[in-house]
Amino acid sequence: MNKETNPYLWMEKSLQTIHRANWYRQVKNINSLPDSIIKINGKNLLNFASNNYLGLAGDNLLIESAIQATKQYGTGSTGSRLLTGHNPLHQELETAIATLKQTESALVFSSGYLANLGTIPCLVGKKDLILGDEYNHSSLKNGAKLSNADFINYKHCNIKDLELKLNSNRVKYRRCLIITDSVFSMDGDLCPLPELITLSKKFDTMLLIDEAHATGIMGKNGGGCAEYFNCNGAELVQIGTLSKALGSLGGYVAGSGVLIDFLKNRCPTWIYTTGLSPADTAAALTAIKIIKNEPKRREKLWQNVNLFKKKLSEFKIEFLPSKSPIICLQLDTPLSALNLAKKLENKGIFAPAIRPPTVPTSRIRFTLMATHTDEQITYLADSIDISRKD
Ligand SMILES: *Cc1c(COP(=O)(O)O)cnc(C)c1O
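Along each chain, the written sequence defines residue order, and numbers are assigned to residues from 1. Where totals are concerned, whole chains, interfaces and linings use all residues; where local detail is concerned, this predicted model gives features only for residues with pLDDT of at least 70, and gives and counts side-chain atom pairs only at 80 or more. Here the side-chain values reflect all heavy atoms present in the structure, with hydrogen atoms and water set aside.

Asker: What is the right way to look at the sheet that holds strand E13 (residues 363-367) in this model?
Answerer: Two modes of strand pairing occur in sheets, parallel and antiparallel, and in both the strands are linked by backbone hydrogen bonds. Only strands joined by at least two bridges in the DSSP assignment are considered to pair. Numbering of helices and strands starts at the N terminus; helices are DSSP runs of H or I of at least 4 residues and strands are runs of E of at least 2. A sheet is described by the order of its strands in space; here three strands give the open sequence E10-E13-E12, paired in antiparallel fashion. Whereas interior strands pair on both sides, the edge strands pair on one side only; in this sheet they are strand E10 (326-330) and strand E12 (353-354). Bridging between E12 and E13 involves two bridges; their strand directions are antiparallel. Looking at E13, one finds that Ala 353 is bridged to Ile 364. Whether two residues touch is decided by their heavy atoms; if any such pair falls within 4.5 Å, the residues are in contact. Each axis is a line fitted through C-alpha atoms, and for a helix only the stretch in contact is used; angles between axes span 0 to 180 degrees, taken between their N-to-C directions. Of the strands in this sheet, E12 and E13 touch helix H13 (residues 334-346), which is tilted by about 45° from E13.

Structure below.
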């Protein structure tokens, strides 16, 4: 076949465009346990890029419980939860999630992404409207697309803009759903949950929050932003992941018993996929127990966040508004973000440049962990100060 008629040729061209824009990315080999120091491409680096906020993904208790569950129930769940893929650990984990989230019920999915892709189209369809924060995670945006509902973005965390859009559109639709990250994954700020709840009541609208980066770390007991804002009483659809602070793999939906019962009967990304593996299920369950029994880990994480912010302020280094362990330095161009990331890497620090199209403006995104030491955080702040000047 001659080249002109090769139907795949466009991909190379598209990749060239990606390269030219400095948007190209590739995987890195991590060859160690996922803790505050990781081995990347053979080199030990201080890890300020992980979602493993409490250091649980490499914790012995989680590892042991995963091994135990594998020996007891096997490596795979072998089928859909409704057929052969349900074991007692799933039930125990769902009860533990509902308790952590203070909801009637919960349901685990194979990933947080799948929880969003499946749940949103279950809640709304063609006659309905979704309003979403413009900075929402990809899984919320794609869940909205799959639903076939009309979709409107509102300005980031802007209640006035949302109210305006509800005012002029709500009456035209049957059901309406507001969707938002609770901790914004690439910014680190929080959605204005109490105000969102007030609006959702005023406009008879459902409200779905994605607690992926909040679960296990926000709120007094690690219950997420719903707990942090004292909004546990409100009827919400709460989605989250088992793969960040909980150190495992999988996602969940927490909410009313009716919601969960409905999803079990209607949600294709739960019904037509294999149940979570025994190892992942057991690890997440152990993580929730640790989160309940060892609040010190959470306290240390917040001490680390405060220390890092204090150091940045002393150096007069500006960072994006954040109320979470995600702290970002904004940079003018993808190239300047890449350059700063490279300089930090030369000093033994791993923190990635996050660029369009993931985010509207380029930045370096730092995430703190409970297992970082004060010295490591001080070294990070010093290194940023030196690197931005040379
Ligand atoms: C990471 C993330 C997800 C996806 O969760 P996975 O379990 O990794 O698939 C969904 N939403 C948000 C906001 C996230 O940050």
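Asker: Even after reading the chapter, I still don't get helix H2 (residues 60-73), so can you show me in this structure?
Answerer: Side chains that are three or four residues apart share a direction in an α-helix, a result of its 3.6 residues per turn. Taking 1.5 Å per residue as the helical rise, H2 with its 14 residues ought to reach 20 Å, and the 20 Å between its terminal C-alpha atoms agrees with that figure. The rule is simple: take the accessible area with a 1.4 Å probe, protein chains only, and divide by the maximum for that residue type; under 20% is buried, over 50% is exposed, in between is partly exposed. Taken residue by residue, H2 has Leu 62, Ser 65, Ala 66 and Ala 69 as its buried positions. Down the axis of H2, the smallest arc covering the buried residues is 105°, so these residues share one side. Exposed residues on H2 whose side chains face more than 90 degrees from its buried face are Asn 60 and Lys 71. Taken together, the buried residues of H2 touch helix H3 (88-101) and helix H11 (278-293). Identification of polar contacts relies on pairs of N or O atoms within 3.5 Å, with a donor-acceptor requirement for protein atoms, meaning one able to donate a hydrogen and the other able to accept it, and with residues adjacent in sequence counted only if both atoms are side-chain atoms. Between the side-chain oxygen at the start of H2 and the backbone nitrogen of Leu 61 there is a gap of 2.8 Å, and the oxygen is on Asp 59. A helix is expected to span 1.5 Å multiplied by its residue count minus one. Read the arc as the range of directions from the helix axis to the C-beta atoms.

Asker: Honestly, the site of the ligand in this entry has me stumped. Any pointers?
Answerer: The full set close to the ligand counts 14 residues, and Gly 112, Asp 210, His 213, Thr 241 and Lys 244 are the nearest of them. Measuring from a nitrogen atom of the ligand, one finds a side-chain N or O atom of Asp 210 at 2.5 Å. Here an oxygen atom of the ligand and a side-chain polar atom of Ser 243 are 3.1 Å apart. Alone, the ligand offers 380 Å² of accessible surface; in the complex the protein occludes 85% of this. Residues are sorted three ways: Asp, Glu, Lys and Arg are charged, Ala, Val, Leu, Ile, Met, Phe, Trp, Tyr, Cys and Pro are nonpolar, and all the rest, Gly among them, are polar. Looking at side-chain class alone, the shell around the ligand contains two nonpolar, nine polar and three charged residues. For this purpose, a residue is taken to be near a molecule or strand whenever a single non-hydrogen atom of the residue falls within 4 Å of it. All accessibility values rest on the Shrake-Rupley procedure with a 1.4 Å probe; residue burial counts only the protein chains present in the view.

Asker: It is not clear to me how the environment of Asp 385 should be interpreted in this structure. Could you clarify?
Answerer: By the element assignment, Asp 385 lies in helix H14 (residues 374-389). Asp 385 sits 73 residues away from Leu 312 along the chain, and the two C-alpha atoms are 8.3 Å apart. Once residues within four sequence positions are removed from consideration, Asp 385 is found in contact with Phe 315 and Ile 317. A polar contact is formed between the side chain of Asp 385 and the side chain of Lys 389, at a distance of 3.0 Å.

Asker: Looking at this structure, how should I read the pattern of salt bridges?
Answerer: Where charged atoms of side chains with opposite charge meet at close range, the side chains can pair. The salt bridge definition used is simple: a Lys or Arg side-chain nitrogen within 4 Å of an Asp or Glu carboxyl oxygen. A complete count under the given rule lists 17 salt bridges for this structure. We note a salt bridge from Lys 101 to Glu 211, for which the minimum N-O separation is 2.7 Å. Taken together, the residues span a long stretch of sequence, with Lys 101 in helix H3 and Glu 211 in the loop between strand E7 (206-210) and helix H8 (225-228) at a distance of 110 residues. Asp 187 is the salt-bridge partner of Arg 363, the closest N and O atoms lying 2.9 Å from each other. In this pair, Arg 363 is assigned in strand E13 and Asp 187 in the loop between strand E6 (176-181) and helix H7 (193-202), connecting sequence segments 176 residues apart. The buried category is assigned to Arg 363, whose relative accessible area is 2%.

Asker: Help me out: how do you make sense of unusual backbone geometry in this one?
Answerer: Look at the link from Pro 356 to Pro 357: it is a cis peptide, with omega at 10°. Tracing the chain through its elements places Pro 357 in the loop between E12 and E13. The backbone phi angle of Thr 78 is positive, close to 70°, even though this residue is not glycine. Following the sequence through the fold, Thr 78 ends up in the loop between H2 and H3.

Asker: Help me out: how do you make sense of the packing of aromatic side chains in this one?
Answerer: Geometrically, a pair of aromatic rings is defined through the distance of the ring centres and the angle of the planes. Centres within 6.5 Å are what make two rings of Phe, Tyr or Trp a pair, Trp counting through its six-membered ring; a difference in plane orientation under 30 degrees is then read as stacked, over 60 as edge-to-face, and the rest as tilted. Enumeration over the complete set of coordinates arrives at two aromatic pairs. Ring geometry for Tyr 228 and Phe 229: centres 5.0 Å apart, planes at 90°, overall edge-to-face. Ring geometry for Phe 308 versus Phe 366: centroids 5.7 Å apart, planes at 65°, classification edge-to-face. Pair noted here: Phe 308 is in helix H12 (residues 295-314) and Phe 366 is in strand E13, with a separation of 58 residues, a long-range link. When sorted by exposure, Phe 308 lands in the same class as Phe 366, which is buried.

Asker: I'm lost on the packing of H3 against H11 in this one. Help?
Answerer: Helix-helix packing: each pair is described by the crossing angle between the helix axes and the interaxial distance. Contact geometry for H3 and H11: axes closest at 9 Å, N-to-C directions at 30°. Handedness of the crossing formed by H3 with H11: left-handed. Judged by residue contacts, Leu 89, His 90, Glu 92, Leu 93, Ala 96, Ile 97 and Leu 100 of H3 engage Pro 278, Thr 281, Ala 282, Ala 284, Leu 285, Ile 288, Lys 289 and Ile 291 from H11. Residues of the contact of H3 with H11, tallied by class, amount to eleven nonpolar, two polar and two charged. Crossings are classed by handedness, with left-handed meaning an anticlockwise turn of the near helix from the far one by less than a right angle and right-handed meaning a clockwise turn.

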